[in-house]
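# Architecture at a glance
Now for the letters of each chain:
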Amino acid sequence: MPTPLEMQRTFALVGTGGCGKTSLAEMLLFNAGTVTRMGAIEDGATCLDYEPEEVRRRGSVQPACATYLWNKNRHFLLDIPGDGNFTGDMECLLKGVDSVLFVLDAVDGVRPLSKKFWSMTRAQNLPAMIVINKLDRDRADFHMAFDGLAALGVKPVALQLPIRQNEAFTGMVDVLAGKAFTFGENGSVSETEVPAELLDDMSLLRDVTVENIAESDEALMEKYLEEGGLSLEDLQSGLRKGVLSGELTPVLVCSALENKGGKAVLDAVEALLPSPLDRPPFKDAAGAERAPDPDGPLACFVFKTLADPFAGQLSIMRVLSGVISGDATLKNMRSEENERLGNLLYLVGKNQTPCKEPAGPGAIVAVAKLKNTRTGDTLCDEKAPFALPMPELPPQLITYALAPKEKGEEDKVYAAIQRLLDEDITLRLGRDEENGDILLSGMGQLHIELSVEKAKRRFKIDIVLKTPKVPYRETVRGKCQVQGRHKKQSGGRGQFGDCWIEMEGLPRGSGYVFEDAIVGGVIPRQYIPAIDKGIQEAAARGFLAGCQVVDFRVKVYDGSYHTVDSSEMAFKVAGSLAFKKAMESLKPMLLEPIVLLTVSIPDESMGDVIGDLSSRRGKVLGSDSQAGVTEIKAHVPMSEVLRYAPDLRSMTGGQGFFTMEFDHYEEAPQPVAEKVIAEHQAAKAAE
């Protein structure tokens with residue numbers, strides 16, 4: 001029997017790295033009977049972290065999907081990585097779900113990155129529940145984690161209170177029902193007395209919870225004021241309404257590693273989170289709406305593409321509207337080509353099972369071997385076009401140069417990395433026009449390293465990671481007038497080009513300006529663009545350190561030509577010679593790129609981080625502190641923060657994160673300039 005849509009749930013597990021999302025998913029799947037044993041991350045045995053890179057580093061590097069039945073109703077979950085290196089596509093992934101199970105660590109509580117993830121959840125208007133995990137740990141502190149929720153700006157509703165004895169997590173109190181339960185074997189619970197030391201806590205939490213539920217609904221508020229209380233049925237229906245509207249956020253407790261609290265989480269997901277029918281209509285770029293209606297025209301959104309060793313490529317999609325079955329032909333709204341779908345698959349990590357029933361709104365299914373479909377595409381009924389807009393991705397933070405171990409295999413390296421771009425839309429691949437290097441940009445050092453590792457493993461090619469290239473620039477000060485004269489006679493037709501140019505430096509950011517001031521035809525019109533081209537090509541090669549020369553103006557005001565020997569090539573060489581002479585006469589200087597660095601850290605790390613930024617020649621622009629999290633903005637030379645991520649991690653105990661974007665160029669200090677020039681000259685000599 002297919003699940004009635006009002007009982008179907010599609011949710012994402014969201015939280016910072018190390019809070020136990022994958023272990024929580026493992027516990028839910030075990031309690032639902034989808035997996036027969038609980039695998040541990042330490043053993044590399046969880047069903048959702050299956051890539052070799054995930055097993056080795058004991059943490060998720062890509063999202064994983066699973067489906068399970070609870071009370072015979074089908075639920076879909078999406079486990080999203082929590083490390084900032086692998087969350088660049090989170091907005092895209094969140095378009096595939098109806099709600100979020102937000103996971104917090106009972107030892108660390110709300111981290112700076114938690115705030116960022118929570119605001120992304122809120123921006124997508126997704127109802128959420130919070131699960132405080134790891135209550136089995138020695139320093140677990142429910143009240144610290146619960147009070148810290150104020151930093152997220154939520155109205156938390158505590159549904160459970162943990163019972164801890166001698167640092168062990170032994171049971172929990174159901175706050176609304178006023179009952180206590182102790183944990184037994186395999187996730188079982190048995191009712192017991194509420195411990196005397198928790199009665200006051202329970203009573204206080206219940207009062208706040210009841211008030212919050214009443215405040216979220218006018219009719220309930222009236223009843224509460226009239227009768228001085230609310231029935232359990234009223235509280236449960238009011239709670240679900242509040243969750244769906246985003247007014248209320250229930251809080252649950254568990255220890256995923258010890259399989260404690262899993263059944264209560266599964267029950268709460270079914271009782272409180274929205275079905276696909278509860279969500280508002282989807283909107284396209286023009287604002288046209290598409291309701292999640294099973295009787296409506298078919299539309300699916302591809303929110304992730306994964307590699308598969310047998311099928312090649314799996315497109316993971318969420319059904320937006322209509323009902324899908326295998327062998328459908330749908331139109332790709334981006335490429336405007338038709339795609340014929342093969343068998344639909346349900347996923348539990350890397351395990352695939354055929355989807356035997358038609359899949360309606362909210363279902364997450366995978367399809368193999370689609371020819372022209374990639375992440376962010378909408379596939380729909382040709383007669384009823386609809387396209388969900390792709391969210392804007394954050395900018396890449398770091399760029400590395402790649403090279404093959406064996407010379408001559410550059411094209412193989414490029415092709416191998418190109419294949420990864422299909423499944424990881426946060427990577428960018430390009431070539432450095434200045435020196436021909438293959439450049440790979442990503443969300444952090446670990447992101448790049450693991451992507452290269454993956455490419456090596458899959459495509460059997462040795463790739464060397466080179467230090468990220470800093471895009472230095474050169475510029476000039478002052479003004480000069482020089483002649484560029486190219487004359488060559490070697491039997492037959494010669495070469496002759498002669499030009500006088502005036503060159504001067506311009507303010508930062510002005511770019512390159514070329515002015516034609518030739519009068520009287522001393523240089524024929526057709527040769528002027530060649531002079532311009534010669535100057536531009538010479539400027540691209542640089543003068544001091546092989547870096548492009550920027551922010552200068554050239555005026556061609558005089559010259560001469562030969563009726564037979566002059567040509568475009570001759571004047572291009574003349575322009576190049578004039579540029580080099582001008583660079584020798586003027587005072588060329590090196591410019592270094594400055595980035596705007598935004599760092600979010602716990603308040604107690606502020607002194608260390610600001611001191612560290614100063615040691616990196618950074619200029620702090622300001623800081624803002626809210627609810628225990630400080631945000632610092634600073635201008636820092638790019639060369640000083642190429643490997644900033646591991647340093648920030650060690651300064652903040654893994655709780656800080658940062659973004660950076662290019663801001664402007666500034667003159668490089670003398671020692672920096674001398675070092676860059678010396679390195680360039682050494683590399684040139686080695687050639």
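As the structure is a computational prediction, the values presented were derived from the model and not from experiment. (Residues numbered from 1 in each chain as written. Predicted model: local features only at pLDDT ≥ 70, side-chain atom pairs only at ≥ 80, totals over all residues. Heavy atoms only, no water.)

### Brief notes about the overall build of the protein chain
Counting its regular elements, the protein chain contains 16 helices and 34 strands. Expressed as lengths along the three principal axes of its C-alpha atoms, the size of the protein chain is roughly 105 × 60 × 50 Å. Looking at the protein chain as a whole, 54% of its 687 residues are labelled buried. When the accessible surface of the protein chain is summed, it comes to about 30300 Å², and 48% of that surface belongs to carbon and sulfur atoms. Of the charged side chains in the protein chain, 77 are positive and 99 negative; the average position of the first set lies 8 Å away from that of the second. (Helix = DSSP H or I, 4+ residues; strand = E, 2+ residues; numbered from the N terminus. Buried < 20%, exposed > 50% of the residue type's maximum accessible area, 1.4 Å probe, protein only. Areas by Shrake-Rupley, 256 points an atom, 1.4 Å probe, with all protein chains shown as cover. Lys, Arg positive; Asp, Glu negative; His and termini not counted. Charge placed at Lys NZ, Arg CZ, Asp CG, Glu CD.)

### Points about the nonpolar core
Membership of the largest hydrophobic core comes to 84 residues, with the highest contact counts inside it found for V14, L94, F102, F142, L149, M317 and I324. By residue number, the principal contributor to this core is strand 14 (residues 299–308), which donates six residues. Other than its neighbours up to four places away in sequence, L149 contacts L104, V110, I130, V154, P156 and V251. In terms of nonpolar packing, the next biggest core, distinct from the first, is built from 45 residues, Y68, W70, L239 and L273 among them. (Core = buried A, V, L, I, M, F, W, Y, C linked by side-chain atoms within 4.5 Å. Contact = heavy atoms within 4.5 Å.)

### Notes on the sheet that holds strand 23 (residues 428–431)
The strand order across the open sheet formed by four strands is 23-24-22-25, and the pairing between neighbours is antiparallel. This sheet does not close on itself; its edge strands, each paired only once, are strand 23 and strand 25 (463–466). Taken over all neighbouring pairs, the strand axes of this sheet differ in orientation by 35° on average, direction set aside. By the bridge criterion, four bridges tie strand 23 to strand 24 (residues 438–442) in an arrangement that is antiparallel. Each residue of the ladder has a partner; that of G430, found in strand 24, is L439. Running at roughly 155° to strand 23, helix 10 (residues 410–421) makes contact with strand 22 (398–404), strand 23, strand 24 and strand 25 of the sheet. In this fold helix 11 (residues 445–459) packs onto strand 22, strand 24 and strand 25, with an angle of close to 165° to the strand it touches most, strand 25. (Pairing = 2+ DSSP bridges. Axes fitted to C-alpha atoms, helices over the stretch in contact; angles between N-to-C directions.)

### Let's talk about the pairing of strand 5 (residues 128–133)
In terms of burial, strand 5 is largely enclosed, as six of its six residues are buried. Burial of the side chains of strand 5 extends over both faces: A128, I130 and I132 are buried on one face and M129, V131 and N133 on the other. Of the crossover connections in this fold, the one passing from strand 4 (residues 99–105) over helix 4 (residues 112–123) to the parallel strand 5 is right-handed. Across three bridges, strand 5 lies against strand 11 (residues 249–253) in parallel orientation. Pairing of V131 across the sheet is with L252, part of strand 11. (Right-handed = clockwise from strand over helix to strand, strands pointing away.)

### Some thoughts on the sheet that holds strand 27 (residues 479–488)
What the four strands build is an open sheet, ordered 27-28-30-29; its pairing is mixed. Every interior strand has two partners, whereas the edge strands, strand 27 and strand 29 (512–516), have only one. With strand direction ignored, the average angle separating the axes of adjacent strands in the sheet is 25°. The sheet strands contacting helix 12 (residues 528–541) are strand 28 (495–505), strand 29 and strand 30 (552–560), and the helix crosses strand 29 at an angle near 155°.

### Section: the packing of helix 6 (residues 199–215) against helix 7 (residues 218–227)
Relative to each other, helix 6 and helix 7 sit at 130°, their axes nearing to 7 Å. As judged from the angle between their axes, helix 6 and helix 7 are oblique. Every residue of helix 7 that contacts helix 6 at V210, E211, I213, A214 and E215 is listed here: L220, M221 and Y224. (Parallel < 35°, antiparallel > 145°, perpendicular 65-115°, else oblique.)

### Section: the confidence of the model for the protein chain
Scored by pLDDT, the protein chain has a mean of 89; 98% of the residues are at 70 or more. Of all the helices and strands in the protein chain, helix 2 (residues 52–57) carries the lowest mean pLDDT, 75, while strand 5 carries the highest, 97. (pLDDT = per-residue confidence, 0-100.)

### Structural notes on the pattern of salt bridges
Under the definition given, this model contains 29 salt bridges. One salt bridge in this structure joins K155 and E215, with 3.3 Å as the shortest N-O distance. Separated by 60 residues along the polypeptide, K155 in the loop between helix 5 (142–147) and strand 6 (156–158) and E215 in helix 6 bring together distant segments of the chain. Two residues, K260 and E258, come together in a salt bridge whose shortest N-O distance is 2.9 Å. Because the salt bridges share partners, they merge into one network encompassing E502, E504, E515 and R553. (Salt bridge = Lys/Arg side-chain N within 4 Å of Asp/Glu carboxyl O.)

### Points about empty space enclosed by the protein
Under the definition given, this model contains two cavities of 30 Å³ or more. The calculated volume of the largest cavity comes to roughly 210 Å³. Lining the largest cavity we find 20 residues, and of these V61, F86, D424, H447 and K454 sit closest to its centre. Listed by contribution, the elements that provide at least two residues to the lining of the largest cavity are strand 14 and helix 11. Tallied by class, the residues present in the lining of the largest cavity amount to seven nonpolar, eight polar and five charged. (1 Å grid on protein atoms, 1.4 Å probe; cavity = no way out; pocket = protein on both sides within 12 Å on 5 of 7 lines; lining within 4 Å. Points joined across faces, edges and corners; volume = space filled by probe spheres on them. Nonpolar A, V, L, I, M, F, W, Y, C, P; charged D, E, K, R; others polar.)

### A few points about a negative patch on the surface
A grouping of E218, E222, E226 and E227 is seen on the molecular surface, where their side chains present a negatively charged patch. With respect to the secondary-structure elements, E222 resides in helix 7. (Patch = residues over 30% accessible without salt bridge, like charges linked within 9 Å, V, L, I, M, F, W, Y side chains within 5 Å.)

### Here we look at the packing of aromatic side chains
Here the structure, examined in full by the defined rule, presents nine aromatic pairs. Aromatic side chains F552 and F579 sit 5.8 Å apart centroid to centroid with 50° between the ring planes, which places their arrangement in the tilted category. On the criterion of sequence distance, the pair formed by F552 in strand 30 and F579 in helix 13 (residues 568–585) is long-range, its members being 27 residues apart. Both residues of the pair, F552 and F579, count as buried. Grouping aromatic residues by their ring pairs yields a cluster made of Y512, F552 and F579. (Phe/Tyr/Trp six-rings, centres within 6.5 Å; stacked < 30°, edge-to-face > 60°.)

### Points about helix 8 (residues 232–245)
With 14 residues, helix 8 should reach 20 Å at 1.5 Å per residue; the first-to-last C-alpha distance of 20 Å fits that figure. If you check which residues of helix 8 are buried, you get D234, L235, G238, L239, G242 and V243. What you see down the axis of helix 8 is that its buried residues fit within an arc of 155°, all on one side. Residues of helix 8 that are exposed and point over 90 degrees away from its buried face: E233 and K241. (Expected span 1.5 Å × (residues − 1). Arc of directions from axis to C-beta.)

### Digging into helix 11
Taking 1.5 Å as the rise per residue, helix 11 with 15 residues should run 21 Å; its terminal C-alpha atoms sit 21 Å apart, in good agreement. Along helix 11, the residues classified as buried are Q445, H447, I448, L450, S451, V452, K454 and A455. Taken together, the buried residues of helix 11 touch helix 2, strand 22, helix 10, strand 24, strand 25 and helix 15 (644–651). Among the residues trailing helix 11, K460 stands out with phi positive, at a value near 50°.

### What about the environment of Q160?
Topologically, Q160 is positioned in strand 7 (residues 160–165). Ignoring any residue separated from it by four or fewer positions in sequence, one finds Q160 in contact with F142, M172, V173, V175, V251, L252, V253 and A264. Polar contacts involving the side chain of Q160 include one to the main-chain amide nitrogen of V253, which spans 2.9 Å. (Polar contact = N/O pair within 3.5 Å; in protein donor to acceptor, adjacent residues only side chain to side chain.)

### Details of the pairing of strand 7
Note: strand 7 against strand 8 (residues 168–174), six bridges, orientation antiparallel. The partner of Q160 across the bridge, within strand 8, is D174. As consecutive antiparallel partners, strand 7 and strand 8 are separated by two residues, and within that stretch N166 has a phi angle of approximately 50°, a positive value.

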